[in-house]
Amino acid sequence: MLVRAMREAHKPLGGVEDFLHEFSLSSREGLAIMSLAESLLRVPDDGTADQLIIDKLSAGDFSHHMSSSNLPFIQACAFALGLSARLVSLEEAHSLVVDIARRLGLPALREATRQAIRFMAGHFVYGETIGEALSRAQRQRDGERFSFDMLGEGARSAADAERYFETYAAAIRAIGDQPNNRQFPDRQGISVKLSALHPRYEAISHDRVMKELSPRLLELARLARTHDLPFTIDAEEADRLELSLDVFANIVADPSLVGWEGFGLAVQAYQKRAIDVVDHIESLARAYNRRFMLRLVKGAYWDSEIKRAQERGLADYPVFTRKSMTDLNYVACTTKLLSSSRLYPQFATHNPRTVAEILIRARARKDYEFQRLHGMGQSLSEAIIKATNVPIRVYAPVGQHRDLLAYLVRRLMENGANSSFIARAADPLMTEDALIASPYEAIPDAAHVRHPRLPLPSQIYEPFRANSRGVEFGDRTALTSLLKEASTIDDPQIAKPSILVLHTPRNVYSPIDGSILGVVVEAKAQDVAQMMLIAARAFPNWNTTPVQIRARILDRTADLLEARRGVFLSLLQCEAGKTLDDALAELREAIDMCRYYARQAHSVCATTKLPGPTGEDNRLIYDGRGVFVCISPWNFPLAIFLGQVAAALVCGNVVVAKPAEQTPLIAARAIALLHEAGVPDTVAQLAPGTGETGAALVSDEHTSGVAFTGSFEVAQIINRTLAERSGAIVPLIAETGGVNAMIVDSTALIEQVVDDVIASAFRSAGQRCSALRLLCLQEEIAPTVIDRLIGATRELRVGDPRDVSVHIGPVIDAEAKQRIETSLSQAKSAILYAGVAPNIGTFVSPHILSVKRPIDVQKEVFGPVLHVTTWRSDGFANIVEEIISSGYGLTFALETRIDMRVDKIRRRAPAGNIYINRNMIGAVVGSQPFGGFGLSGTGPKAGGPTYLQRFLREITITLNTSSSGGDTHLLSMDEEP
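Residues numbered from 1 in each chain as written. Predicted model: local features only at pLDDT ≥ 70, side-chain atom pairs only at ≥ 80, totals over all residues. Heavy atoms only, no water.

Moving on to the side chain of arginine 114. Structurally, arginine 114 is set in helix H6 (residues 96-124). With a relative accessible area of 12%, arginine 114 lands in the buried category. One polar contact links arginine 114 to aspartate 46, side chain to side chain, over a distance of 3.5 Å. Setting aside residues no more than four positions away along its own chain, arginine 114 makes contact with Leu40, Leu41, Val43, Asp45, Asp46 and Ala49. (Helix = DSSP H or I, 4+ residues; strand = E, 2+ residues; numbered from the N terminus. Buried < 20%, exposed > 50% of the residue type's maximum accessible area, 1.4 Å probe, protein only. Polar contact = N/O pair within 3.5 Å; in protein donor to acceptor, adjacent residues only side chain to side chain. Contact = heavy atoms within 4.5 Å.)

The next point concerns the sheet that holds strand S11 (residues 516-520). The 3 strands are arranged S9-S11-S10 in an open sheet whose pairing can be described as mixed. For this open sheet the edge positions go to strand S9 (493-495) and strand S10 (506-509), each flanked by a neighbour on one side alone. Across the sheet, the mean angle from the axis of one strand to that of its neighbour is 35°, orientation sign disregarded. For S9 and S11, the ladder comprises 3 bridges, and the chain directions are parallel. Within S11, the residue paired with glutamine 493 across the bridge is glycine 518. The sheet strands contacting helix H26 (residues 664-677) are S9, S10 and S11, and the helix crosses S9 at an angle near 85°. (Pairing = 2+ DSSP bridges. Axes fitted to C-alpha atoms, helices over the stretch in contact; angles between N-to-C directions.)

As a further point, take the pattern of salt bridges. Proximity of charged atoms lets side chains of opposite charge pair with each other. Applying the stated rule across the entire model yields 55 salt bridges. In this structure, glutamate 236 engages lysine 193 in a salt bridge whose closest nitrogen and oxygen atoms are separated by 4.0 Å. Of this pair, glutamate 236 sits in the loop between strand S3 (231-233) and helix H10 (241-252) while lysine 193 sits in the loop between strand S2 (189-192) and helix H9 (206-226), placing them 43 residues apart in sequence. We classify glutamate 236 as buried; its relative accessible area is 4%. Between arginine 208 and glutamate 212 there is a salt bridge, and its shortest N-O distance comes to 3.1 Å. Of this pair, arginine 208 and glutamate 212 both sit in helix H9, 4 residues apart, which is roughly one turn of that helix. Counted as one network, the salt bridges with shared partners bring together Arg145, Asp186, Glu369 and Arg393. (Salt bridge = Lys/Arg side-chain N within 4 Å of Asp/Glu carboxyl O.)

Bringing the packing of aromatic side chains into the picture now. Enumeration according to the criterion identifies 15 aromatic pairs in this entry. Between the aromatic rings of phenylalanine 231 and phenylalanine 263, the centroid separation amounts to 5.8 Å while the plane-to-plane angle is 35°, which identifies the pairing as tilted. Within this pair, whereas phenylalanine 231 is found in strand S3, its partner phenylalanine 263 is found in strand S4 (residues 263-268), the two being separated by 32 residues in sequence. Judged by relative accessible area, which is 0%, phenylalanine 263 ranks as buried. Through pairs of rings, three or more aromatic residues link up here, namely Phe231, Phe248, Trp260, Phe263 and Phe292. Just above the ring of phenylalanine 165 sits the side chain of arginine 216; from NZ or CZ to the centre is 5.4 Å. (Phe/Tyr/Trp six-rings, centres within 6.5 Å; stacked < 30°, edge-to-face > 60°. Lys NZ or Arg CZ within 6 Å of the ring centre and 35° of its normal.)

We now examine empty space enclosed by the protein. Throughout the structure, instances matching the rule amount to 11 cavities of 30 Å³ or more. Looking at the second largest cavity, its volume works out to about 140 Å³. As for the second largest cavity, its lining consists of 16 residues, of which Ala235, Leu241, Ala266, Val267 and Gln268 are closest to the centre. The set of elements that each furnish at least two residues to the lining of the second largest cavity consists of H10, S4 and helix H11 (274-287). The element that contributes the greatest number of residues to the lining of the second largest cavity is S4, accounting for 4 residues. (1 Å grid on protein atoms, 1.4 Å probe; cavity = no way out; pocket = protein on both sides within 12 Å on 5 of 7 lines; lining within 4 Å. Points joined across faces, edges and corners; volume = space filled by probe spheres on them.)

Judged by nonpolar contacts, the single largest core of 96 residues is most densely connected at Leu638 and Leu649. Examining the composition of this core, we find that 12 residues originate from one element, helix H24 (residues 580-604), more than from any other. What leucine 638 contacts, discounting residues up to four positions off in sequence, is Phe568, Leu572, Glu586, Leu587, Ala590, Gly643, Ile666 and Ala670. One finds Ala169, Ala171, Ala196 and Leu241 within the second-largest nonpolar core, a separate group that totals 77 residues. (Core = buried A, V, L, I, M, F, W, Y, C linked by side-chain atoms within 4.5 Å.)

Glancing now at the pairing of strand S24 (residues 891-895). In terms of burial, S24 is largely enclosed, as 5 of its 5 residues are buried. Because side chains alternate across S24, one face comprises the buried residues Thr891, Ala893 and Glu895, and the other comprises Phe892 and Leu894, equally buried. Across 4 bridges, the pairing between strand S19 (residues 740-744) and S24 is parallel. Bridge assignment links alanine 741 to a residue of S24, and that residue is phenylalanine 892.

Attention now moves to the confidence of the model for the protein chain. The predicted coordinates should not be examined in detail at positions where pLDDT is low. Taken as a whole, the protein chain shows an average pLDDT of 84; of its residues, 82% reach a score of 70 or greater. Scored below 50 in pLDDT, residues 90-101 shows 7 contacts in the model against residues more than four places distant or in partner chains. Long-range and interchain partners of residues 953-977, a stretch whose pLDDT sits below 50, account for 78 contacts in this model, where long-range means more than four residues apart. (pLDDT = per-residue confidence, 0-100.)

To continue, consider the environment of leucine 218. With respect to the secondary-structure elements, leucine 218 resides in helix H9. The exposure class of leucine 218 is buried, given its relative accessible area of 13%. The sequence separation of leucine 218 and serine 256 amounts to 38 residues, and the corresponding C-alpha distance is 9.3 Å. Leucine 218 has contacts with Ile251, Asp254, Ser256 and Leu257, leaving out every residue within four places of it along the chain.

As structure tokens, then:
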């Protein structure tokens, strides 16, 4: 009955259903409109707006699109976009007459498209101000009530949080002051996003959130209680669930809210913990003798939850992988809600079958309501009101169109997904029986619970290799266990050469506080000659060891790393100054490298039979080169150290490895682990020492190859040293840093830009070779981006990285600190922001500096220092060329929604790694990448077999392309100085 009522002949479904019927999201036209809607209204300059419009309209066939809808909303969109598309076709012509038409037509194109998007926005945004929304709500239908949602994005700074707090408070007062004789719960309400009230709403900042956010939320709750309004805390991502529940519990314990039944929480049925959350809220209600409202939704972040779990190497997904399981869980949660007198159920759904299930189960109960998102599910709501007396609450977004459209497009994408009811209902070929099919039919037994094409996070690379195991910091039990593992080092720490030497040891100090962590005995030049001779003698036996055995040893090494992760995490924090999340990411990267190179070796080192004349047996055989010298840096003292060594070993080479002077203890542990896994002592040797040690290794007559990661200057010295040698040419695999740039145009979402910049420029205290050094902002948006970037940077905690709430630890040593501070002192007049750092240790606070042009940044400042410059809207090509001409080419980033610019960067390829963010529904940035040396150009994903082949006798360079999911692309190309 409900489906039939929704799909009456010649009756529009209303809202997004009609839009999806007209422009399917599986079509180029639908996706182009979504991209335009998400970004066009926030573009301040006409030039970029024109490029965006041309870019998106040329992606579809709008000029021939004939509208099949009789709704003015749809007809207006189709007409305006069709007109714009026809003007776009003129844009592509070249005659003088057409050029004149183009010049006259572009303003019309721009205005027509903007009007179409504004018209669309007006259909999905209830009001641009709370006053406008309340005025519109006075014309509400019988049986409808509202919950106003004031925001679309979270706070990035204290100023954002304060502004959002004032917006919520003003809205509550405005709603409460409206003349309304309706009784609770038949009153207008408000929905609050906790991440909008605090700039670091994250699990690692738990104590700070509880201290700073709870009083703000309590003040809003008291204000809502004064006006007797429904007040609901919106759902966030799964990693914030426990934090949200803690905040909720903290507020409900306050005696000032006793007797008020309007406080509520949204629960997402696609989360596997949804029923447990319902039980938890009910237990709180019993404990405090209260009654709470509970909004049951199906979920809003499914794709990002899946990707996040995969990237973090979690044991399982926090959400169901099949839509039918979410539907079943929704019904199970419904039964729980309806059986509790302590909870007021609010069922948010656009699915008539779900509605019917609820109506059947709720026959004995009258105090509940349905909910829908404004602009969606209107025809279903009308059918419910007509057939029952159950009220409908409309979830109504309120705010400026340009601010809310990015948020609303995400909602449209979710509800327009092929598996959603709204998308299926918009398909005229979909039968009623198919629409109301029971989810039990799709899940007949336990074998069908999981999606068959979505493996567990640990299995996403299988059968090639296993994913490294990670930890969700939002899971308090898992985080507590990890902190306990990383809290102690089990025995005295010492690093020494693999041969017996009697040199005086020196202390190894922590950059955190200068404490002594252990001692290192350094190899001298005379020791190097002996070690290299031992290695050369060990080479023949190791080289003839079957590659299968060498690969198994690397697999055992990876397993041992996971089993002993506590000691490595502790050393990474204490010796290298890494935060816990950075330490865990590096540990996982080392594990991934061992497993990746183990698998690659099977194919790269395999013997290949070649065609040839009759009577000949031609075979291509790869052998190890001999003794490889591996020189690794301190910024990735485990991942790069072990990555270099593992790749060389599995190819049949023997290795003498020199770690950075600052981090010998980590390297000593890694070498010991290789020996335990089965690598002979003579095959993998440790040579801790100074630059003189490295020079002796490089110049030794037995050196057959060098793998080096470090400064460009040292790489050049090594290159010259090898070139001066007589005899065979020795290959050098070098990875160096550089002035890595990011270009941002005015189509980019500013909140997304800020998140990406913070992660890239300041994570690991800016001590990554791939860290962002130069931010190039389109001048029209530069003031806003800089203001928000400074605000977000101010919220970063600088301090002891063993404190899980710290975001930025120390730089590696006093010398590094001095270099950074000297560079900053020379640029004092250009400093836009300077943070505050602890007085102990070697801490440097994050800095943001202004420069006029990219060429003004002549050298890399290896620390938390970001340079910002601007470019004109018509100068995209020029800014790209300036960056290319700098001579640096490690990483490059582009934030845009214009595909033509993406294609230009792809063709031009100004760097070894290119990060392009054009994703209109959000992206995960700064998380553990899919293996590799951070985001450099020589890791498993980037280099692939090429990297291994460089340890062999045949060397090639290839370009590999990989996708990180969604609409975000990562291009990788090996980089050598």
